[in-house]
Amino acid sequence: MSSENSSADDASADDGQQVWDVVVVGAGPAGASAAYAAAVAGRRVLLLEKAELPRYKTCGGGIIGPSRDSLPPGFELPFRDRVHAVTFSHNGRFARTRRSRRMLFGLINRPEFDQQLVEHAQKAGAELRTGVTVQRVEQHGSAVPDRRTVAVVLQGGETVLARAVVGADGSASRIGAHVGVKLDQVDLGLEAEIPVPETVAEDWRGRVLIDWGPIPGSYGWVFPKGDTLTVGVISARGEGAATKRYLEDFIGRLGLAGFEPSISSGHLTRCRADDSPLSRGRVLVCGDAAGLLEPWTREGISFALRSGRLAGEWAVRIAEAHDAVDTRRQALNYAFAIKAGLGVEMSVGKRLLIAFERRPGLFHAGLTGVRPVWKAFMDITRGATSLGEIVRTRPMVQRALTALDRRQADPAGDASDVSS
């Protein structure tokens, strides 16, 4: 798949306008990964981003094993801290800290991390344009010179032509709307970046807090990053006032209310429905734009990196497709690759979220008091296994999940007997 595979007459439309092999919309982890994968294959790649880089994103910034394993060769992670301990609590009570001799995961600031990913895509040959907003994509009509071309229409009327388009433009994706992405879970995350004195920072070094919250399915976190603590909470959309109260109470309980946040932000995370499309014609979606994230923890970076890489690889194949049949075949192969890996993890995560919403105390008791559960947590964060792999290979876990599924129908199981 070197650039020699592209004939010279493929490089421009009849009017002389350049036709890119792959245009990627959005320069977050998913988009940068897609651009890198397509560029390293020798394609002409354009990466479009509406913001100027680097830019802030609401995100805890945890880099687990699957994220680390999906990075380009030679990528130096800009860790602000390395986590060896996790304190679990349930709405501020029953706190217990579990420790590991080996690093569980690392913590990054998104502006630095995203910028480095984009730089790797550029070094591989991708061209970056920032400060451009994509209005829509068109696969038919006067703006499209032939059936092998997609028109990306920018704000202001400029049109960019491509053989394939990857939508990685976030959870409110315009490309996702074009593809027809369907969502069945939307959550609200609120976060504060709180600068703290060295004495406070030292208390948190190497340790994170995960607090199972008072709203069904909610939880909070404290992620230390040098002299700043990233403190956030997440719960289902529609609970905005309660979620805001949870964050305020959470910060107060931690003794951090006296410190002024440098940034306070909010973000909606969106999970795809099982039957949601991942492509339309020569357009693919990945990452948040496709609704790809883990439904229980709402972890999205590893899903963005992995789906972005796959989208970039299959966009190359779609760019080379000479007819609608081949295009459709490659798009279906992309969907199969996503569903066989990330889709399995999402399916397990949905089952866990349903159980967690009803019985958070069971999860707290398991993680703090049952060694195999803690070991599974460590293995997942390090990338030694995945949720899907654990369920597939461990009959005991299959039986436990089935039992939890059954208990959803038992109203008596609603009591959150957390003290167990």
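Given the structure is predicted, the values throughout are model-derived calculations rather than measurements. (Residues numbered from 1 in each chain as written. Predicted model: local features only at pLDDT ≥ 70, side-chain atom pairs only at ≥ 80, totals over all residues. Heavy atoms only, no water.)

A. Structural view of the confidence of the model for the protein. With 92% of its residues at a pLDDT of 70 or more, the protein has an overall mean of 92. Predicted confidence for residues 413–420 stays below pLDDT 50, and this span has 13 contacts to residues more than four positions away or in other chains. (pLDDT = per-residue confidence, 0-100. Contact = heavy atoms within 4.5 Å.)

B. Broad picture of the side chain of Ser235. Locating Ser235 in the fold gives a position in strand β15 (residues 228–236). The class for Ser235 is buried, based on a relative accessible area of 0%. Here the side chain of Ser235 touches Thr243 through a polar contact of 2.5 Å, side chain to side chain. Excluding anything up to four places from it in sequence, Ser235 contacts Asp187, Leu188, Ile215, Ser218, Thr243 and Arg298. (Helix = DSSP H or I, 4+ residues; strand = E, 2+ residues; numbered from the N terminus. Buried < 20%, exposed > 50% of the residue type's maximum accessible area, 1.4 Å probe, protein only. Polar contact = N/O pair within 3.5 Å; in protein donor to acceptor, adjacent residues only side chain to side chain.)

C. How the structure looks around helix α3 (residues 110–123). Taking 1.5 Å of rise per residue, 14 residues should cover 20 Å, and α3 covers 20 Å from first to last C-alpha, within 8% of that figure. Along α3, the residues that are buried comprise Arg110, Phe113, Asp114, Gln116, Leu117, Val118, His120 and Ala121. For α3, the elements touching its buried residues are α1 (29–40), β2 (45–49), β3 (62–63), β8 (127–130) and α7 (301–320). Directly beyond the C-terminal end of α3, a positive phi value near 120° is found at Gly125. (Expected span 1.5 Å × (residues − 1).)

D. Looking closely at the sheet that holds strand β5 (residues 85–90). Spatial ordering of the open sheet is given by β6-β5-β13-β14-β15-β12-β16, a layout of seven strands whose pairing is mixed. Edge positions in the open sheet fall to β6 (93–99) and β16 (263–272), since each of these has one partner strand only. Neighbour-to-neighbour, the strand axes of this sheet turn through a mean angle of 20°, independent of strand direction. Note that strand β12 (residues 183–195) and β16 share 10 bridges and pair antiparallel. Bridge pairing links Gln185 to Cys271 in β16. Contacting β12, β13 (207–212), β14 (219–225) and β15, helix α6 (residues 240–253) crosses the sheet at an angle of about 150° to β15. Lying on the sheet, helix α10 (residues 371–382) is in contact with β5 and β6; it crosses β5 at an angle near 120°. (Pairing = 2+ DSSP bridges. Axes fitted to C-alpha atoms, helices over the stretch in contact; angles between N-to-C directions.)

E. A look at the packing of aromatic side chains. Applying the stated criterion across every chain, the model contains 14 aromatic pairs. Between Phe356 and Phe363, the aromatic rings sit 5.4 Å apart at their centres with planes inclined by 80°, giving edge-to-face as the arrangement. Taken individually, Phe356 and Phe363 each receive the classification buried, so the pair is uniform in this respect. An aromatic cluster is present here, built from Phe88, Trp212, Tyr219, Trp221, Trp296, Phe356, Phe363, Trp374 and Phe377 joined pairwise through their rings. (Phe/Tyr/Trp six-rings, centres within 6.5 Å; stacked < 30°, edge-to-face > 60°.)

F. Representation of the UniProt feature "domain: FAD-binding" (unreviewed entry) in the protein. The UniProt entry lists residues 21–183 under the feature "domain: FAD-binding" (unreviewed entry), expressed in the numbering used here. The span residues 21–183 is 23% helix and 34% strand, and its two end C-alpha atoms sit 29 Å from each other. (UniProt positions renumbered as here; feature names shortened; annotations may be inferred.)

G. The environment of Pro78, seen in detail. Examined against the element boundaries, Pro78 turns out to sit in the loop between α2 (65–69) and β4 (81–83). A residue is classified by how much of its surface remains accessible, and Pro78, at 16% relative accessible area, is buried. Between the alpha carbons of Pro78 and Arg351 there is a distance of 34 Å; along the sequence they are 273 residues apart. Filtering out sequence-adjacent residues up to four positions away, Pro78 remains in contact with Leu107, Ile108, Glu112, Phe113 and Gln116.

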